Amino acid sequence: MAFLLRRLAFYLAAFLVATTINFFLPRLMPGDPIQIMFASAGSELSLENLNALKLTFGFIDAPLGEQYFAYLKSVFTGDLGRSIKYFPLPVTELLGRALIWTLGLMGIATLISFTMGSLLGVAAAWRRGSLLDSVISLGAIFSSSMPAVVVSLIMLFVFGYSLGWFPNGYAANPLIDPAWNWRYISSVLYHGTLPLLTLVFVLTGGFAVTMRNNMINLLGEDYIVMARAKGLSDNNVMLWYAARNALLPTVSSLAIAIGTILGGSLVTEVVFNYPGLGNTLYQAIIARDYPVIQGQLLIMTAAMLISNFVVDLSYVLLDPRLKKA
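All of the points below concern the structure found in this document.

Basis of the calculations
- Residues numbered from 1 in each chain as written.
- Predicted model: local features only at pLDDT ≥ 70, side-chain atom pairs only at ≥ 80, totals over all residues.
- Heavy atoms only, no water.
- Salt bridge = Lys/Arg side-chain N within 4 Å of Asp/Glu carboxyl O.
- Helix = DSSP H or I, 4+ residues; strand = E, 2+ residues; numbered from the N terminus.
- Buried < 20%, exposed > 50% of the residue type's maximum accessible area, 1.4 Å probe, protein only.
- Axes fitted to C-alpha atoms, helices over the stretch in contact; angles between N-to-C directions.
- Parallel < 35°, antiparallel > 145°, perpendicular 65-115°, else oblique.
- Left-handed = near helix turned anticlockwise from the far one by under 90°.
- Contact = heavy atoms within 4.5 Å.
- Nonpolar A, V, L, I, M, F, W, Y, C, P; charged D, E, K, R; others polar.
- Core = buried A, V, L, I, M, F, W, Y, C linked by side-chain atoms within 4.5 Å.
- Polar contact = N/O pair within 3.5 Å; in protein donor to acceptor, adjacent residues only side chain to side chain.
- Phe/Tyr/Trp six-rings, centres within 6.5 Å; stacked < 30°, edge-to-face > 60°.

## Overview of the pattern of salt bridges
- Counted according to the given criterion, the structure contains two salt bridges.
- Arg97 is the salt-bridge partner of Glu93, the closest N and O atoms lying 2.7 Å from each other. One end of the pair is Glu93 and the other is Arg97, both in helix H5 (residues 91-126) and four residues apart, which spans about a single turn.
- Judged by relative accessible area, which is 36%, Glu93 ranks as partly exposed.
- Residue Arg97 is classed as partly exposed on the basis of its relative accessible area of 48%.
- Notably, a salt bridge pairs Arg212 with Asp133, separated by 2.7 Å at the nearest N-O pair. One end of the pair, Arg212, is in helix H9 (residues 193-218); the other, Asp133, is in helix H6 (residues 131-145), and 79 residues separate them in sequence.

## Concerning the packing of helix H7 (residues 148-162) against H9
- Taken N-terminus to C-terminus, the directions of H7 and H9 make an angle of 140°; their axes are 9 Å apart at the nearest point. Viewed along their axes, H7 and H9 adopt a mutual orientation that is oblique. In the packing of H7 onto H9, the handedness of the crossing is right-handed. Contacts from Ala148, Val151, Ser152, Met155, Phe159 and Gly160 of H7 reach H9 at Leu194, Leu197, Thr198, Phe201 and Val202.
- Its residues placed into classes, the contact of H7 with H9 shows eight nonpolar, three polar and no charged.

## Focus: the nonpolar core
- Membership of the largest hydrophobic core comes to 14 residues, with the highest contact counts inside it found for Val122, Trp126, Met211 and Met215.
- Counting only elements with at least two residues in this core, the list comes to H5, H9, helix H10 (222-229) and helix H11 (234-271).
- For this core, the leading source of residues is H11, giving five residues.

## Some words on the side chain of Asp133
- Given the relative accessible area of 5%, Asp133 is considered buried.
- Here the side chain of Asp133 touches Arg212 through a polar contact of 2.7 Å, side chain to side chain.

## Some thoughts on the environment of Pro90
- One can find Pro90 in the loop between helix H4 (64-77) and H5.
- Given the relative accessible area of 25%, Pro90 is considered partly exposed.
- Along the chain, Pro90 and Val292 lie 202 residues apart, while their C-alpha atoms are 9.1 Å from each other.
- Discounting residues that sit within four places of it in the chain, Pro90 has contacts with Gly81 and Arg82.

## Focus on unusual backbone geometry
- At Asn273, a position not held by glycine, the phi torsion is positive, near 50°.
- Residue classification places Asn273 among the partly exposed residues on the basis of a relative accessible area of 33%.

## Remarks on the packing of aromatic side chains
- A complete count under the given rule lists seven aromatic pairs for this structure.
- The interplanar angle of 85° and the centroid separation of 6.0 Å between the aromatic rings of Trp101 and Tyr274 together place this pair among those described as edge-to-face. With Trp101 in helix H5 and Tyr274 in the loop between H11 and helix H12 (277-286), this pair connects stretches of sequence that are 173 residues apart.
- Assessed through its relative accessible area of 4%, Tyr274 is described here as buried.
- Taking the centre distance of 5.7 Å and the plane angle of 40° together, the rings of Phe166 and Tyr190 count as tilted. Remark: Tyr190 occurs in helix H8 (residues 182-191) and Phe166 occurs in the loop between H7 and H8; sequence separation between them is 24 residues.

See below:
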């Protein structure tokens, strides 16, 4: 319980710092969204309407400190205001819709890439120095070093435009009404194939390299030698003795991968015009939609902190030594 409370206090403080940065960062950007709306309306928008717009979107004429505490109150009460670009849609509803698409894409991509990368890393470490090790290691380094934007553009050009095997954008066929039926679900899977393959390609290599290095460091340990001396099969020694212990540092890399996925999915969603959080953030930045930008950054921060907290708890569950520490 003491460990849990200490970690909760730490992540709460980190969230408060991130929230503070989130408040000041958009306000340092050039341009005022209300002035942009006023300029686009020309003479049709009076000064009274301009002041009404400022009140509607929460741009109060008050000292910066008063605005900051009003913003903190809105964050912890869940009232993130209304979107400027998609007015009068609330920010929570807009981001909630986009979050569903990003979570589905990210969740499947993370599960596939973590499983494939871990298995490839185990195989490469167990057969280190062989042709299999060379192929997996070179492929993993190549895939992990490729930027997501480059992979997205290659996937889109080759499989979308040149071969025409997959659609070039959107999360589903806009002519199909959203419903829990196979026609709509198959359309979602079909449209999400290229973004999914892009994220899997970018993430798998990192997991494979991490798992391989961890495995190699453990293969010379005494308990591995003892397991082999007992006459256990290679599969048992590889999976239940070496891979099980090498998995601990790899689990911690999942927390870092959350940030990588969010950054990679932002670029990937923009390239494929996928209606997730990344594309929503891109459109909000163009429109100077402060409420949406701040809400999106809060979601990214909360996802990173929650994933790190879950990793901390999983370490205690996976490593019995930490329970006694």
